[in-house]
Amino acid sequence: MTDHAHLRHGVKDNHYKRLAIAVRELLIEKGVVTEDEIATFMARMDARSPELGARMVARAWVDPEYKKRMLADGSAAAEELGIAVDGTLLVVVENTEDVHNLFVCTLCSCYPRTILGLPPDWYKGREYRSRVINEPRAVLREFGTDIADGIELRVHDSTADMRYLILPQRPAGTEGWSEDRLAKLVTRDSMIGVSLPLRPDQLDQLEHAAE
Ligand code: FE
């Protein structure tokens, strides 16, 4: 980002921040919402994290019937696991041997926040948003993700009404694993589609590093 763009971004943030405060105060004044309701909503959003999405993915890996329901209706599949989606239309797309999927919001920063929590900074950045459509393979390589030439890349553009979640392929060498153990392989980035899930040896390494 150039200094100029950075400056402009700052001004814009400031404008929206002031707008948000004004709208919030007006809604409270008019009795549309209370301070308490806003505080509760913020706390609920803060409690969201990629662990929710990882639970859905792990369940889909062990339960083919759940996977079918998830691909047919992501919102209903989330709610089946007790994850409230607050009216979001969640579309789940599956990675296969032939197709690798990833998502972006080219317009702004729409993201499945109810399932993955807050988006990473790069997701909201101009570079990812503008480049991923035209050169997804190069962008993936920068994330350390090499997708073979024979595999088709599909980039899905989120909107205010529709959010995506990628169902990655289950890593090899995980036969017989419990759902909880499988969920540990499912990273945030693998559900955005810019990375693959961890391999069993990578999870081992992580766990040993944490000891
Ligand atoms: Fe957006």
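The structure this text deals with has already been given above.
Residues numbered from 1 in each chain as written. Predicted model: local features only at pLDDT ≥ 70, side-chain atom pairs only at ≥ 80, totals over all residues. Heavy atoms only, no water.

Here the focus is the overall build of the protein chain. Looking only at helices and strands, one finds 12 helices and four strands in the protein chain. Considered along the principal axes of its C-alpha atoms, the protein chain spans approximately 55 × 40 × 40 Å. Within the protein chain, buried positions represent 36% of all 211 residues. In the protein chain, of all internal contacts separated by at least 6 residues, the share reaching a separation of at least 24 is 64%. Carbon and sulfur atoms make up 53% of the accessible area of the protein chain, which totals about 12,600 Å². The protein chain carries 27 positive and 35 negative side-chain charges, and their two centres are separated by 4 Å. (Helix = DSSP H or I, 4+ residues; strand = E, 2+ residues; numbered from the N terminus. Buried < 20%, exposed > 50% of the residue type's maximum accessible area, 1.4 Å probe, protein only. Contact = heavy atoms within 4.5 Å. Areas by Shrake-Rupley, 256 points an atom, 1.4 Å probe, with all protein chains shown as cover. Lys, Arg positive; Asp, Glu negative; His and termini not counted. Charge placed at Lys NZ, Arg CZ, Asp CG, Glu CD.)

Our focus in this paragraph is the pattern of salt bridges. Applying the stated criterion to the full structure yields 17 salt bridges. Residue Asp86 pairs with Arg48 through a salt bridge whose shortest N-O separation is 3.5 Å. Taken as a pair, Asp86 in the loop between α5 (74–80) and β1 (89–94) and Arg48 in the loop between α2 (35–46) and α3 (50–62) lie far apart in primary sequence, 38 residues in all. Lys67 is the partner of Glu94 in a salt bridge, and the nearest nitrogen-oxygen pair spans 2.6 Å. Residue Glu94 is located in strand β1, and its partner Lys67 is located in helix α4 (residues 64–72); the two are separated by 27 residues in the primary sequence. Looking at Glu94, the relative accessible area reads 27%, which means it is partly exposed. Members of the salt-bridge network, linked through shared partners, are Glu127, Arg131, Glu135 and Glu142. (Salt bridge = Lys/Arg side-chain N within 4 Å of Asp/Glu carboxyl O.)

Within the protein, the iron ion binds to Cys105 (SG), Cys108 (SG), Cys110 (N) and Cys110 (SG); these donor distances fall in the range 2.1 to 2.5 Å. With four donor atoms in place around the iron ion and angles of 81 to 134 degrees between them, the coordination shape is irregular. Here the donor residues of the iron ion are spaced in sequence according to C-x2-C-x1-C. Residue class for Cys108 comes out partly exposed when judged on its relative accessible area of 36%. (Donors = N, O, S within 2.8 Å, 3.2 Å for Na, K, Ca; no water. Tetrahedral: all angles 85-135°; square planar, octahedral: opposite > 155°, others 65-115°.)

By the secondary structure assignment, Thr114 is in helix α6 (residues 113–116). Residue Thr114 is classed as buried on the basis of its relative accessible area, which comes to 8%. For Thr114, the contacting residues outside a window of four places in its chain are Met45, Arg48, Leu52, Ile83, Ala84, Val85, Asp86 and Thr88.

Within the secondary structure, Gly193 sits in the loop between α11 (188–192) and α12 (200–210). Overall, Gly193 belongs to the buried group, its relative accessible area being 0%. Residues Gly193 and Pro168, spaced 25 residues apart in sequence, show a C-alpha to C-alpha distance of 7.6 Å. Once you skip the residues sitting within four places of it in the chain, Gly193 turns out to touch His100, Asn101, Leu102, Leu140 and Ile166.

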